[in-house]
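Next come the chains, spelled out residue by residue.
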Amino acid sequence: MTAPVLILLAEGATNPRVVEVFHDLRKQMQLQRPELSVHLAFLDHCPPSGPQVVSTLASRGRKEVVFVPMALTRAVDPAPAAQKMLEAVHKAHPDIAASLAHPVGPSTELLNILDLRLRNALSASHAVELNALVFATPDTGDVRGAVLLARRARQWASHHKLPITMACADGSGNSVAAAMMSLRDQGRRAIAVGSFFLTADDNYLAVAEEALEAGAVAVSAPLGADDHIIDLVMARYAFAAMAMLDDPALSDEDDSTTGQSEESDHGAPAEVATPKLVAI
C-alpha cells in the first residue's frame, strides 16, 4: 500500500531566503525518506498553493495526502488559513483524502537548536557576560501552544539558571523591548535574545532589529532547516497517516483517532524525545 503524500505547509513569504529554508527542508526529508513522496505548499501569496500541489498529485493518480503545518507555536490547532486551504482542497478534489496533521509545535527538542544558535550568536558578538535571556516567538499560537511555550521558557530558565522573559512579535504579548526593560528593572544588564523562529521572516527581522536597538548583547539566528525539525515533521505525519488508514475519509474535522494516539502532556502532541539541554 502506498503511503500518503507528505506536504509541508508553510507560511508564504516574498523573501527568497525564507522560502529557500522550506525547500531545503523538503529536499532533506526526501533524501532521508526516499520511500515517501514529499512536497511543499505555501499559504497566502507564495506559490505553489495547497490546491495547486494536490491538483498535480491528483493528475498522477495519488489519492491520499497529509499536510503538516510548519508552525512552531501551535500545538494542536492549525492556523485558520491552513484550515481554509484544506476546505478548498476538499471542494476542488472531493475524491482525494486530505488531512491536516498537528503542527510541528513547541517541542522540547527545539530548545537544543535554540541553544546552539544562541551560542553561535554570543560567540560572534564576543559577549563576555550573560545574566538574562528573552524567549522571543512569532506569536502566542493556539491555546495549548501558549501553555507549552510558557513551559519551554521555564525549562530554558531552569536549565541555564537565568531569569527569562517571554516576548512576542505580533503584539499578542510583550514586545522584545518591553521584555528587556522588565529584566533591566531587576538589575540585569547583559541580556541576549533567543529566537524561536523557523526562518528569518519579516517578524524575525523586526524582533532582531528591536532587540539590538534596545541593547541586546546577542540575538540568535532562526532555527532553520535542522534534522530535529525533520524528525518532528515525520512524527506529526506518521500519526495523521495512521489515522487515515483507520478512516480513509478522515478530514480536519474528524481527527479523534489522531488525537488519542498522538497526544500526551494533557493534550499536547507527543514529542519525539526528551533531550538533555546543552549549556550555552
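The coordinates are above.
A short tour of the structure in this document, coming up. (Residues numbered from 1 in each chain as written. Predicted model: local features only at pLDDT ≥ 70, side-chain atom pairs only at ≥ 80, totals over all residues. Heavy atoms only, no water.)

## Here we look at the overall build of the protein
In terms of helices and strands, the protein carries nine helices and 10 strands. For the protein, buried positions account for 50% of its 280 residues. Pairs at least 24 residues apart make up 77% of the contacts formed inside the protein by residues separated by at least 6 positions. A total of about 12500 Å² of accessible surface is found on the protein, and carbon and sulfur atoms cover 52% of it. (Helix = DSSP H or I, 4+ residues; strand = E, 2+ residues; numbered from the N terminus. Buried < 20%, exposed > 50% of the residue type's maximum accessible area, 1.4 Å probe, protein only. Contact = heavy atoms within 4.5 Å. Areas by Shrake-Rupley, 256 points an atom, 1.4 Å probe, with all protein chains shown as cover.)

## Overview of the sheet that holds strand 5 (residues 132-137)
In a beta sheet, neighbouring strands pair by backbone hydrogen bonds and run either parallel or antiparallel. The parallel open sheet is built from four strands, whose spatial order is 6-5-7-8. What marks the edges here is a single partner per strand, and that holds for strand 6 (164-168) and strand 8 (218-219). For strand 5 and strand 7 (residues 191-195), the ladder comprises five bridges, and the chain directions are parallel. Note on strand 7: the bridge partner recorded for Leu133 is Ala192. (Pairing = 2+ DSSP bridges.)

## Thoughts on the packing of aromatic side chains
Scanning the entire structure with this criterion turns up four aromatic pairs. Plain terms: the ring middles of Phe135 and Phe196 are 5.3 Å apart, the flat faces sit at 40° to each other, and that makes the pair tilted. With a gap of 61 residues between them, Phe135 in strand 5 and Phe196 in the loop between strand 7 and helix 7 (202-213) connect regions that are remote in the sequence. Across the pair, Phe196 and Phe135 agree in class, each one buried. Ring pairs connect the aromatic residues Phe135, Trp156 and Phe196, which therefore count as one cluster. (Phe/Tyr/Trp six-rings, centres within 6.5 Å; stacked < 30°, edge-to-face > 60°.)

## Some remarks on the pairing of strand 6
Of all five residues in strand 6, four are buried; the element is thus mostly enclosed. In the sheet, strand 5 pairs with strand 6 via five bridges, with the strands oriented parallel. Paired with Leu133 across the bridge in strand 6 is Ile164. Read from strand 5 through helix 5 (residues 143-160) to strand 6, the crossover connection turns out right-handed. (Right-handed = clockwise from strand over helix to strand, strands pointing away.)

## What about the sheet that holds strand 2 (residues 38-42)?
On the basis of which strands lie adjacent, the open sheet formed by four strands has the order 2-1-3-4 and parallel pairing. On the outer flanks of this sheet lie strand 2 and strand 4 (97-100), each paired with one strand and no other. This sheet shows a mean twist of 25° between the axes of neighbouring strands, independent of strand direction. Both strand 3 (residues 64-69) and strand 4 contribute to a ladder of four bridges, which runs parallel. Paired with Val65 across the two strands is Ala98, which belongs to strand 4. Its contacts with the sheet put helix 1 (residues 16-32) on strand 1 (5-10) and strand 2, and the angle it makes with strand 2 is roughly 160°. Across the sheet, helix 2 (residues 50-59) lies against strand 1, strand 2 and strand 3, angled at about 145° from strand 2, the strand it touches most. (Axes fitted to C-alpha atoms, helices over the stretch in contact; angles between N-to-C directions.)

## Points about the nonpolar core
Of all hydrophobic cores here, the largest spans 50 residues; its most connected members are Leu6, Phe22, Met70, Phe135, Ile229 and Val233. Sorting the residues of this core by element identifies strand 1, helix 1, strand 2, strand 3, helix 4 (109-124), strand 5, helix 5 and helix 8 (227-246) as the ones contributing at least two each. (Core = buried A, V, L, I, M, F, W, Y, C linked by side-chain atoms within 4.5 Å.)

## A closer look at helix 7
Taking 1.5 Å of rise per residue, the 12 residues of helix 7 would be expected to cover 16 Å, and the 17 Å separating its terminal C-alpha atoms lies within 8% of that figure. Elements that come into contact with the buried residues of helix 7 comprise strand 5, helix 6 (176-185), strand 7 and strand 8. Just downstream of helix 7 lies Gly215, where phi reads positive at about 100°. (Expected span 1.5 Å × (residues − 1).)

## Some thoughts on the packing of helix 4 against helix 5
One way to put it is that helix 4 packs onto helix 5 with a least axis distance of 11 Å and a crossing angle of 55°. Comparing their axes, helix 5 and helix 4 come out oblique. Crossing of helix 4 against helix 5: the hand is right-handed. From helix 4, Leu111, Leu114, Asp115 and Leu118 reach across to helix 5, where they touch Arg152, Gln155, Trp156, His159 and His160. Taken together, the residues of the contact of helix 4 with helix 5 break down into four nonpolar, three polar and two charged. (Parallel < 35°, antiparallel > 145°, perpendicular 65-115°, else oblique. Left-handed = near helix turned anticlockwise from the far one by under 90°. Nonpolar A, V, L, I, M, F, W, Y, C, P; charged D, E, K, R; others polar.)

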